[in-house]
Amino acid sequence: MTKRLWFCFLTSLLLATACASFPPPTERLTTTEAAIRGASEVGAAQVPRAALHLKLAEEQTDKARRLMQDGYNERAELTLKRAQADAELAIALAKERVT
């Protein structure tokens, strides 16, 4: 019985350490927010295809913030990468429409 308790304790300790070891992606959050602002400034909201990607970027950024609050930093990092890619695509689509 004590071996089983010891094993459960070590397993939970390892899991807690693994989850806490990934730092919050604050820098990625900042760059993603900047990309979203850039998309807004070039008029992405006025171009239907660009507006879709801008909206996706905003939603994914909100989701990443919630993930960070809950301690899921690695998932938040991946969500922010996707959001940044959508924001940059919105910029490209908006600029393509203007030129």
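Note that the structure is a prediction, hence the values are computed from the model and not measured. (Residues numbered from 1 in each chain as written. Predicted model: local features only at pLDDT ≥ 70, side-chain atom pairs only at ≥ 80, totals over all residues. Heavy atoms only, no water.)

Asker: Is there a simple way to think about the packing of aromatic side chains in this case?
Answerer: Think of a pair of aromatic rings as described by two things: how far the centres are apart, and how the planes are tilted against each other in angle. Under the defined criterion, the tally for this structure stands at zero aromatic pairs. Between Arg-75 and the ring centre of Tyr-72, over which it is positioned, the NZ or CZ distance is 5.5 Å. (Phe/Tyr/Trp six-rings, centres within 6.5 Å; stacked < 30°, edge-to-face > 60°. Lys NZ or Arg CZ within 6 Å of the ring centre and 35° of its normal.)

Asker: Teacher, can you tell me more about the nonpolar core here?
Answerer: Where a protein is soluble and globular, its nonpolar side chains tend to be buried together. Core analysis: the largest hydrophobic core is formed by 13 residues, its most contacted members being Ala-39, Ala-44, Ala-50, Leu-54 and Ala-90. Of all the secondary-structure elements, those providing two or more residues to this core are helix 2 (26–41), helix 3 (48–69) and helix 4 (73–98). If one sorts the elements of this core by residue count, helix 4 sits on top with five residues. With near-sequence residues (within four places) excluded, Ala-90 lies in contact with Ala-39, Ala-44, Ala-50, His-53 and Leu-54. (Core = buried A, V, L, I, M, F, W, Y, C linked by side-chain atoms within 4.5 Å. Buried < 20%, exposed > 50% of the residue type's maximum accessible area, 1.4 Å probe, protein only. Helix = DSSP H or I, 4+ residues; strand = E, 2+ residues; numbered from the N terminus. Contact = heavy atoms within 4.5 Å.)

Asker: Got a minute to help me understand helix 3 in this structure?
Answerer: A rise of 1.5 Å per residue sets the reference length of helix 3, with its 22 residues, at 32 Å; its end C-alpha atoms lie 32 Å apart and thus fit the reference within 8%. Three or more residues of helix 3 are buried, namely Ala-50, His-53, Leu-54, Ala-57, Gln-60, Thr-61, Ala-64, Leu-67 and Met-68. Axial view of helix 3: buried residues confined to an arc of 140°, hence all on one face. Exposed side chains of helix 3 directed beyond 90 degrees from the buried face belong to Pro-48 and Gln-69. If you follow the buried residues of helix 3, they end up packed against helix 2 and helix 4. Taken from the residues just after helix 3, Gly-71 is the one with a positive phi, measuring 90°. (Expected span 1.5 Å × (residues − 1). Arc of directions from axis to C-beta.)

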